[in-house]
Amino acid sequence: MARVLILGGDGYLGWPTAMDLSGKGHQVAVADNYLKRDLVRRVGAKPLIDAPDLHQRASRWQQIGGADIAVFEGDLAKWEFMADCFKAFLPDAIVHYAEQPSAPFSMMDRAAAELTLLNNLGVTLNLVYCVREFAPEAHIIKLGTMGEYGTPNIDIEEGWLEVEHNGRKAKFLYPRQAGSLYHTTKVHDTDLLWFYVRTFGLRVTDLMQGPVYGYKAIDTNDPGLLPAFHYDEVFGTVLNRFIVQAAKGVPLTVYGAGGQTRGYLNIIDTLQCIRLVVENPPPHGELRILNQFVDVLSVNELADLVVAAGRRIGFNVEVRSYPNPRKEMETHYYNPKNTGLRELGLEPHPLSEGVLVDMLEFATEHRDNIDESAIQKNILWSG
Ligand code: USQ
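Remember, it's a predicted structure, so these values are computed and weren't measured experimentally.

Can you help me understand the overall build of the protein chain in this one?
Secondary structure summary: the protein chain contains 12 helices and 14 strands in total. Taking 383 residues into account, the globule formula puts the C-alpha radius of gyration at 21 Å, and the protein chain, at 20 Å, falls close to it. Considered along the principal axes of its C-alpha atoms, the protein chain spans approximately 60 × 55 × 40 Å. Across the 383 residues that make up the protein chain, the buried fraction comes to 58%. Partitioning the intrachain contacts of the protein chain with sequence separation of at least 6 by distance along the chain shows that 81% fall at a separation of at least 24. Carbon and sulfur atoms provide 50% of the accessible area of the protein chain, an area that totals close to 15800 Å².

Put into structure tokens, the structure is as follows:
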């Protein structure tokens, strides 16, 4: 059993990861400064249901029989705070979610771009040095994104590409061309980690994750333990947004032609992937890159699935094409590999009508909380 420190433990994925690992017998600590809550407020949005703070959630977890989850509140971009967390907890593994996670937020204006760049890279650099100074055996598990690769016109490999040039061969990081400043900071993270793996001999897993959907990560109906579920334009991922739009009776917001294709996964599978990676660390001096998604779908296909699931429960879901606020290819080749996590033992939960109906029922139950004005604010990539 490992001592796992979760950076960004308050987020949509951070808190569920904490409960899941704790429930499986690992000793868990979470660290966060509630930056995302603050940014969500700043853009005039809120989650579908309010999430209690980390101390409250950790004590609810204990009340339902969970083990102690240690809570550190503070800014991980500040060296002293992260160093104190490490000295107090001495982790065997660190799951790094502590980044500004929204592509639209990073494209809002100069100040948002600066916050995204400085926070995301600052936390990653502090993490590298904390591991070197206080926990040199520890395994860094970094959440990257499939968006690092962009949408190239060739197959997407798992992190690396063999190149043959003028009769000689070498292996490089797969070429990256991100589509937002947020995604670009993830590219920078990967470069930074690869540099320090080569230089300090760290052991790192960099997970290229696609957009996540779902509201229920572990088997509890306690609303205080559910993930913070966002549906606004800035912090909601596309399928979670479509579900809330369908529950509210507003048309689904398909951007442009809707042929944009990504690799999606249920939050349940995110937790499974993290657990498998925690329990199977790579050797020192290795940067292991794994593509973390289950279903490859276009935005149009997602919308069609939500329409069909809605019909099953008597909803008449409308779909509308909006002028695309982003700069991205709207029809493109997309063939990413994802064998690494299956080899580690991932048992995927593909997207099904049953899952969509369950999500629609959840959103409908909280329909009165849906703020229609947060759904579409039109943050233009071009400024
Ligand atoms: N989209 C729509 N309508 C909407 C919202 C999105 O058509 O109302 C489209 C977008 O244009 C895009 C696709 O759906 O083509 C996915 O958008 P998204 O907002 O679900 O995903 P993205 O902005 O790429 O970011 C999300 C998470 C981020 C994570 C990333 C994985 O916010 O933290 O890294 O998914 S990935 O997309 O693979 O890079």
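Following the structure, the description resumes.
Looking at this structure, how should I read the sheet that holds strand β4 (residues 93-96)?
Two strands in a sheet stick together by hydrogen bonds in their backbones, pointing the same way (parallel) or opposite ways (antiparallel). Strand order across the open sheet formed by 7 strands is β3-β2-β1-β4-β5-β8-β12, with parallel pairing between neighbours. The sheet is open, and its two edges are formed by β3 (69-73) and β12 (287-292), each paired on a single side. Averaged over all adjacent pairs, the angle separating strand axes in this sheet is 20°, with direction ignored. In terms of strand pairing, strand β1 (residues 3-7) meets β4 through 4 bridges, oriented parallel. The residue bridging I6 from the neighbouring strand is V95, located in β4. Running over the sheet, helix α3 (residues 54-63) touches β2 (27-32) and β3 and is turned about 175° from β3. Sheet strands touched by helix α4 (residues 79-89): β1, β2, β3 and β4. Its angle to β1, the strand with the most contacts, is close to 160°.

What am I meant to see in the pattern of salt bridges here?
As a working rule, side chains carrying opposite charge can pair if their charged atoms are close by. All told, the structure shown has 16 salt bridges when counted by the stated rule. A salt bridge links D20 to R275, with the shortest nitrogen-to-oxygen separation between them at 3.0 Å. With D20 in helix α1 (residues 14-23) and R275 in helix α9 (residues 267-279), the pair connects residues that are 255 residues apart, well separated along the chain. Judged by its relative accessible area of 7%, D20 is buried. Judged by relative accessible area, which is 18%, R275 ranks as buried. Between R312 and E353 there is a salt bridge whose closest N-O contact spans 2.7 Å. On the criterion of sequence distance, the pair formed by R312 in helix α10 (residues 299-312) and E353 in helix α12 (residues 353-365) is long-range, its members being 41 residues apart.

Looking at this structure, I do not really get the packing of aromatic side chains. What am I missing?
Aromatic ring pairs are described here by two measures, namely the spacing of the ring centres and the angle between the planes. Counted according to the given criterion, the structure contains 10 aromatic pairs. With a centroid separation of 5.0 Å and an interplanar angle of 80°, the aromatic rings of W160 and W194 are classed as edge-to-face. Placement of the pair is W160 in strand β6 (residues 160-165) and W194 in helix α7 (residues 181-200), with a sequence separation of 34 residues. Judged by relative accessible area, W194 falls into the partly exposed class, the value being 24%. Each member of the aromatic cluster is reached from another via a ring pair, and the members are Y129, F195, Y196 and F200. Here the basic side chain of R3 rests over the ring of F89, its NZ or CZ set 4.4 Å away from the ring centre.

Help me understand the side chain of H332, please; the structure alone is not making it clear to me.
Structurally, the position occupied by H332 is in the loop between β14 (319-322) and α11 (340-344). Reaching out from H332, the side chain makes a polar contact with the backbone nitrogen of T261 at a distance of 3.0 Å. Ignoring sequence-local partners within four residues, the contact set of H332 consists of T151, G259, Q260, T261 and R262.

Explanation requested: the side chain of N338 in the structure shown.
With respect to the secondary-structure elements, N338 resides in the loop between β14 and α11. Residue classification places N338 among the buried residues on the basis of a relative accessible area of 15%. Apart from the residues within four sequence positions on either side, N338 is in contact with E158, N291, F293 and V294.

When you look at α12 in this model, what are you seeing that I'm missing?
Each turn of an α-helix holds 3.6 residues, which means side chains three or four residues apart point in the same direction. The terminal C-alpha atoms of α12 lie 18 Å apart, and with 13 residues this matches the ideal 18 Å at 1.5 Å per residue to within 8%. All of the buried residues in α12 are L356, V357, M359, L360, F362 and A363. Elements in contact with the buried residues of α12: β9 (212-213), α8 (238-248) and α10.

Honestly, the site of the ligand in this entry has me stumped. Any pointers?
In the vicinity of the ligand there are 21 residues, among which T145, Y182, V238, T253 and E328 approach most closely. Between the ligand and R241, the relevant distance is 3.0 Å, taken from an oxygen atom to a side-chain nitrogen or oxygen of the residue. Note that an oxygen atom of the ligand is positioned 2.5 Å from one of the side-chain N or O atoms of E328. In isolation the ligand exposes 730 Å². Once the protein is present, 93% of that is buried. Of all the secondary-structure elements, those providing two or more residues to the shell around the ligand are α7, α8 and β10 (252-255). Sorting elements by how many residues they give to the shell around the ligand places β10 first, with 3 residues. Of the residues belonging to the shell around the ligand, the class tally is 9 nonpolar, 8 polar and 4 charged.

Cut-offs applied
- Residues numbered from 1 in each chain as written.
- Predicted model: local features only at pLDDT ≥ 70, side-chain atom pairs only at ≥ 80, totals over all residues.
- Heavy atoms only, no water.
- Helix = DSSP H or I, 4+ residues; strand = E, 2+ residues; numbered from the N terminus.
- Rg over C-alpha atoms; globule rule 2.2 N^0.38 Å.
- Buried < 20%, exposed > 50% of the residue type's maximum accessible area, 1.4 Å probe, protein only.
- Contact = heavy atoms within 4.5 Å.
- Areas by Shrake-Rupley, 256 points an atom, 1.4 Å probe, with all protein chains shown as cover.
- Pairing = 2+ DSSP bridges.
- Axes fitted to C-alpha atoms, helices over the stretch in contact; angles between N-to-C directions.
- Salt bridge = Lys/Arg side-chain N within 4 Å of Asp/Glu carboxyl O.
- Phe/Tyr/Trp six-rings, centres within 6.5 Å; stacked < 30°, edge-to-face > 60°.
- Lys NZ or Arg CZ within 6 Å of the ring centre and 35° of its normal.
- Polar contact = N/O pair within 3.5 Å; in protein donor to acceptor, adjacent residues only side chain to side chain.
- Expected span 1.5 Å × (residues − 1).
- Near = heavy atom within 4 Å.
- Nonpolar A, V, L, I, M, F, W, Y, C, P; charged D, E, K, R; others polar.

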